[in-house]
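Below, each chain spelled out in residue letters.
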There are 4 protein chains.
Amino acid sequence: MRDPNIKYPDTQAHEYVISRFTEKHIKIHDIAKIVYNQTKEFVPTITIEECERDVIDIIHKRDYLNSAMIMIQLDKLAEQNQLDEPLNTIISNDLGVFGVDESMAVDIATLYGPIGITNFGYLDRKKHGIIKDVDTDKNHVNTFLDDLIGATVAAACGRISHRYA
Amino acid sequence: MRDPNIKYPDTQAHEYVISRFTEKHIKIHDIAKIVYNQTKEFVPTITIEECERDVIDIIHKRDYLNSAMIMIQLDKLAEQNQLDEPLNTIISNDLGVFGVDESMAVDIATLYGPIGITNFGYLDRKKHGIIKDVDTDKNHVNTFLDDLIGATVAAACGRISHRYA
Amino acid sequence: MRDPNIKYPDTQAHEYVISRFTEKHIKIHDIAKIVYNQTKEFVPTITIEECERDVIDIIHKRDYLNSAMIMIQLDKLAEQNQLDEPLNTIISNDLGVFGVDESMAVDIATLYGPIGITNFGYLDRKKHGIIKDVDTDKNHVNTFLDDLIGATVAAACGRISHRYA
Amino acid sequence: MRDPNIKYPDTQAHEYVISRFTEKHIKIHDIAKIVYNQTKEFVPTITIEECERDVIDIIHKRDYLNSAMIMIQLDKLAEQNQLDEPLNTIISNDLGVFGVDESMAVDIATLYGPIGITNFGYLDRKKHGIIKDVDTDKNHVNTFLDDLIGATVAAACGRISHRYA
């Protein structure tokens, strides 16, 4: 079932991710604010606007989009009870030993090298800003979404670290 | 949407994976045969029966089941056109720069250490035995399935290497 | 330069790691205490003695020993100025964009599945207990050592989570 | 032992890697030839010169240099019997269940996304061109070097795949 003539749909993939963020009231600015708070200690001249540009660039990368689309899709289908069991129960309830969410998030967090790992792990535990809002939303399945946002922040921090190293 | 009292459904998860293998005519014996062919050079006393026991043990591991369920689910939904676009097109056509399949497969291939990586990469390219049948089946979406089988073989090879090291 | 008859030196590898821990005044009990503090919220019946047994088991695993020996060796050689430049400077000064320490640590943290990643990242940032002592020791190169201890704790937490899931 | 004012020594790191390649008679052109042979089927218009530019760009990346320097350093020290035991024996004899070489190589192979994994695993097993020369050199310790070259090729293939996707 392969058609070698199909080009990778970069624009459509990017729009899919952004439209989901919009639906979830996640703004680039909110993600950039966490990036800013994580980096200002090490890069005193950094601004939120600069962090926003990093986040925007990351969200255009193909490897980001591939992982992000899967993460978004799985949350959506679990919420609509459209996954097979026991997967639907595992994801809907964010069972502690699932781990696929962390694993996919790390692929994103390390887009600018392994130094993104620590930031991701820290954010995934502390749940700052918009990550906390997403994590504590009791009415929706956001099992992958909080990890996705945390990983996006971590990748941006890694990108900034390299630029100022 | 979390219920901390829900236990991980080990049995159900294992049955889900095995029933998909059965549906796809993938037998433990066929997977074990590839493991045997990959290891007999290094472990001359190995038997297919021993390889079967390794494959069976691996398929019971929780981290295996988590990744395998996601991989199986995504192939199924793509074939039924139930994923959002452009994800459905990307997975159905096994687009070359997708990569999430390889990434999830590596998590499985390295269940017994990083030495599983080489075996996975080699098998993913050479497509031996049942992996080839799955890969060349033009009527179904098996984008993740061939990687899943290759990773299962690679994990078993890693497990056997450690036992005889 | 390969001799296929050489068996993996499990005992010697384990002794190498333990003797370095002893030299650095790192006790299994201190590592277990951090594991205990990280898990008691989720597993109220856990004891430090149980955590100690988990740590001991992990430190006997071959994939643990392989990574741990490399990490210990690189710190030692950097401190003795026996690495080539610029590697000696990079490791001695724990330069922020190095990342190989985090990458090797994650291999250990995920020995019991990807759920170890979050714990590792969190600990690597918060530097609890003995990890802090190691990190703030100004007279020695411990670039890899704090990550190694953090990863050991994270792996133990992952192992415990699976047992009680 | 941290000095926050030390900048990352990009030029020196690059020179260290290149001078080791020269010492080992590994030319960018030889690496590019393997890249060319791996990609020409999918990108018929590719040239060896284009592949050379990809290899050169990759060898300038900081995350590449970090891993490459460690890999080169460990081979050198093992050959000079300057590593502690049992690490020196393990690396000198390229023991089958070591795995740190594969793990570090994968960090490089996936610099342009997870699709580099398959190529790395395949090359690590088939040992084409200069990789074979390095692997069969009985007089030197090249335990990490063959993996480093294979990973460099795999990263270049991934980079090219993304450009033509």
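Please read all numbers here as calculations on a predicted model, not as lab measurements.

Novice: I'd like to hear about the pattern of salt bridges, residue by residue, with values.
Specialist: Counted under the stated rule, the structure contains 40 salt bridges over all chains. The salt bridge partner of Arg 20 of chain A is Glu 23 of chain A, with a shortest N-O separation of 3.0 Å. Residue Arg 20 of chain A and its partner Glu 23 of chain A are located together in helix α1 (residues 10-23), separated by three residues, close to a single helical turn. Two residues, Lys 127 of chain B and Asp 135 of chain B, come together in a salt bridge whose shortest N-O distance is 3.8 Å. Salt bridges sharing partners connect three or more residues here, namely Glu 50, Asp 54, Asp 57, Arg 159 and Arg 163 of chain A.

Novice: Summarise the interface of chain C and chain A; cite the residues concerned and give the values.
Specialist: The interface of chain C with chain A comprises 22 residues on the first partner and 22 residues on the second. Contact between chain C and chain A buries roughly 1800 Å² in total, counting both sides, with carbon and sulfur atoms accounting for 70%. Taken together, the connections running from chain C to chain A amount to zero salt bridges. At the junction of chain C with chain A, the criterion picks out six residue pairs in polar contact (both at pLDDT 80 or more).

Novice: If you had to explain the relation of the copies chain C and chain A to someone new, which residues and values would you point to?
Specialist: Mapping chain C onto chain A calls for a rotation angle of 180 degrees and an axial translation of 0.0 Å; the resulting RMSD is 0.0 Å. When the rotation and shift are considered jointly, the pair of chain copies conforms to a two-fold rotation axis.

Novice: Explain the packing of helix α4 (residues 62-79) of chain A against helix α6 (residues 100-109) of chain A to me, and be specific about the residues and the numbers.
Specialist: All names here are of chain A. For the pair α4 and α6, interaxial distance at closest approach is 9 Å and the crossing angle is 155 degrees. Classified by the interaxial angle, the pair formed by α4 and α6 is roughly antiparallel. Here α4 and α6 pass one another in a crossing that is left-handed. Of the residues in α6, those touching α4 at Tyr 64, Ser 67, Ala 68, Ile 70 and Met 71 are Asp 101, Met 104, Ala 105, Asp 107 and Ile 108. For the contact of α4 with α6, the class distribution of residues is seven nonpolar, one polar and two charged.

Novice: Quick rundown of the environment of Ile 117 of chain B? Include the residues and the values.
Specialist: Mapping Ile 117 of chain B onto the fold places it in helix α7 (residues 116-126). Relative accessible area serves as the criterion here: at 4%, Ile 117 of chain B is assigned to the buried category. Separated by 11 residues in sequence, Ile 117 of chain B and Val 106 of chain B place their C-alpha atoms 6.5 Å apart. When neighbours within four sequence positions are excluded, Ile 117 of chain B is seen to be in contact with Thr 110 of chain B together with Glu 102, Ser 103, Val 106, Ile 117, Phe 120 and Gly 121 of chain D.

Novice: Lay out the environment of Thr 89 of chain A with the relevant residues and their values.
Specialist: Residues and elements named next belong to chain A. Positionally, Thr 89 belongs in helix α5 (residues 87-92). Sequence-wise, Thr 89 and Thr 39 are 50 residues apart; in three dimensions their C-alpha atoms are separated by 37 Å. Within polar-contact distance, the side chain of Thr 89 engages the side chain of Glu 85 at 2.8 Å.

Quick notes on the rules
Residues numbered from 1 in each chain as written. Chains lettered and ligands numbered in written order. Predicted model: local features only at pLDDT ≥ 70, side-chain atom pairs only at ≥ 80, totals over all residues. Heavy atoms only, no water. Salt bridge = Lys/Arg side-chain N within 4 Å of Asp/Glu carboxyl O. Helix = DSSP H or I, 4+ residues; strand = E, 2+ residues; numbered from the N terminus. Contact = heavy atoms within 4.5 Å. Buried area = accessible area lost by both parts, 1.4 Å probe. Polar contact = N/O pair within 3.5 Å; in protein donor to acceptor, adjacent residues only side chain to side chain. Least-squares fit on C-alpha atoms with pLDDT ≥ 70 in both. Axes fitted to C-alpha atoms, helices over the stretch in contact; angles between N-to-C directions. Parallel < 35°, antiparallel > 145°, perpendicular 65-115°, else oblique. Left-handed = near helix turned anticlockwise from the far one by under 90°. Nonpolar A, V, L, I, M, F, W, Y, C, P; charged D, E, K, R; others polar. Buried < 20%, exposed > 50% of the residue type's maximum accessible area, 1.4 Å probe, protein only.

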